[in-house]
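Examining the three-dimensional arrangement
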Amino acid sequence: MIKGRIMFGKTPLNVYEEDYIVASLLRTSPFDTFYANERANIRANILWTHDPSLPIGVDFRSTFEADFQTGEIRTIMRLRKVPAHRSHSVMIAHELTHLIVDQQGYKGVGFIDQRYENLLSALSSAFLDVLVDSRLLAYKFDLVKAYKEQATSAFTQARNISPPTEPLMQLLFQFNTLGLLMEWGLVRDQFDFSDSAIARWLKKNVPFLYAEAEQISVYANKHGFATPDKLYHLFFFLIQRYKMEQICYLPPPTT
Ligand SMILES: [Zn+2]
């Protein structure tokens, strides 16, 4: 089932057959319908890898990476555990939909140095995840359940650490909070996020970061990001607001 091995930065990762990764998910609904309808739309050659070194709380991540030797863009799916468990069907559908959204011209903020990967992928995800998840809602994936699990694990981690004091860590916290506010906004008719344990913890322990994240979420929803151009302008605005020009690049939208 191992197809080969690639280097991701300095980390060697084993590559697996897709059939092996998704086998048990194909026996679940609505993943079966989703996969039958959407998989053929993905043009990228996906490298499904096992990456036990993902940051705590992140079990899956899709990464686009330029291979400097061949000039090709590699699409790497990193899973903390392989094969994917059937309870992870929402996450795998989510990662696959990221590829479709990217193909349609919506670009996230790229990192120049791997040190900033977590920060910039938190920022990118805050908006790309909403675009992705709104499509999953159409298939009736249970997002509220998935969000509640994420919020519980975020709360478990947050309550054990002291609020960040270092500027980069504060910004990371803020972007993660923004991501929570944005995604819960999608299902606001089913659950009030501001009442959750993690929201209460954030408001009590990092009130300024929470307020700033809330302000950005209002701004983003007002200006919109449902076209590649609008998303680009939103990222451009935020990169300037937080003076991140030196640590990232913003690919222009492709259509
Ligand atoms: Zn995502």
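What you see is a predicted model, and the numbers here were worked out from it, not measured in a lab.

How each quantity is defined
- Residues numbered from 1 in each chain as written.
- Predicted model: local features only at pLDDT ≥ 70, side-chain atom pairs only at ≥ 80, totals over all residues.
- Helix = DSSP H or I, 4+ residues; strand = E, 2+ residues; numbered from the N terminus.
- Buried ≥ 20, exposed ≤ 12 C-beta atoms within 10 Å, placed from the backbone.
- Contact = placed C-beta atoms within 7 Å.
- Domains from an automatic or database assignment.
- Nonpolar A, V, L, I, M, F, W, Y, C, P; charged D, E, K, R; others polar.
- Core = buried A, V, L, I, M, F, W, Y, C linked by C-beta atoms within 7 Å.
- Pairing = 2+ DSSP bridges.
- Axes fitted to C-alpha atoms, helices over the stretch in contact; angles between N-to-C directions.
- Parallel < 35°, antiparallel > 145°, perpendicular 65-115°, else oblique.
- Left-handed = near helix turned anticlockwise from the far one by under 90°.

Examining the overall build of the protein chain
Scanning the protein chain for helices and strands turns up 9 helices and 7 strands. Its C-alpha atoms give the protein chain principal-axis dimensions of roughly 50 × 40 × 35 Å. When burial is assessed residue by residue, the protein chain has 30% of its 255 residues classed as buried. Sequence-distant contacts in the protein chain: of pairs separated by 6 or more residues, those separated by 24 or more amount to 73%.

Description of the domain arrangement of the protein chain
What the domain assignment reports for the protein chain is domain 1 (1–103) and domain 2 (108–255). For domain 1 and domain 2, the distance between their C-alpha centres works out to 22 Å. Each side of the interface is counted separately: domain 1 has 13 residues, and domain 2 has 15 residues. Mapped onto the side of domain 1 that touches domain 2, the elements with two or more residues apiece are helix 2 (31–38) and helix 3 (89–103). The greatest single-element share of the side of domain 1 that touches domain 2, amounting to 6 residues, is contributed by helix 3. When its residues are assigned to classes, the side of domain 1 that touches domain 2 shows 7 nonpolar, 6 polar and no charged.

Things to note about the nonpolar core
Counting residues in hydrophobic clusters, the biggest one holds 51 residues, and the most contacted among them are Ala 93, Leu 123, Ala 126, Phe 127 and Leu 178. No other element matches helix 4 (residues 117–138), which puts 9 residues into this core. Both domain 1 (1–103) and domain 2 (108–255) contribute no fewer than three residues apiece to this core. The contacts of Ala 126, once residues within four sequence positions are left out, are Phe 175, Leu 178, Gly 179 and Met 182.

Some points on the sheet that holds strand 2 (residues 11–16)
Across the sheet, 5 strands lie side by side as 1-2-3-5-4; this open sheet has mixed pairing. Unpaired on one side and paired on the other, strand 1 (2–8) and strand 4 (60–66) mark the two borders of the sheet. The average undirected angle you get between the axes of adjacent strands in this sheet is 35°. Pairing geometry for strand 2 and strand 3 (residues 46–50), over 3 bridges, is antiparallel. Note that in strand 3 the partner of Tyr 16 across the bridge is Trp 48.

Notes on the packing of helix 3 against helix 4
Interaxial distance between helix 3 and helix 4 falls to 9 Å at its minimum, and their mutual angle equals 115°. One element, helix 3, and the other, helix 4, form an angle in the roughly perpendicular class. Where helix 3 crosses over helix 4, the handedness of that crossing is right-handed. Two secondary-structure elements touch here, helix 3 through Val 90, Ala 93, His 94, Thr 97, His 98 and Val 101 and helix 4 through Leu 128, Leu 131, Val 132, Asp 133, Arg 135 and Leu 136. Its residues assigned to classes, the contact of helix 3 with helix 4 shows 7 nonpolar, 3 polar and 2 charged.

Considering the environment of Phe 127
Along the polypeptide, Phe 127 turns up in helix 4. C-alpha of Phe 127 to C-alpha of Ala 226: the two residues are 99 residues apart in sequence and 9.4 Å apart in space. Setting aside its immediate chain neighbours within four residues, Phe 127 contacts Met 182, Ala 220, Phe 225, Leu 231 and Leu 234.

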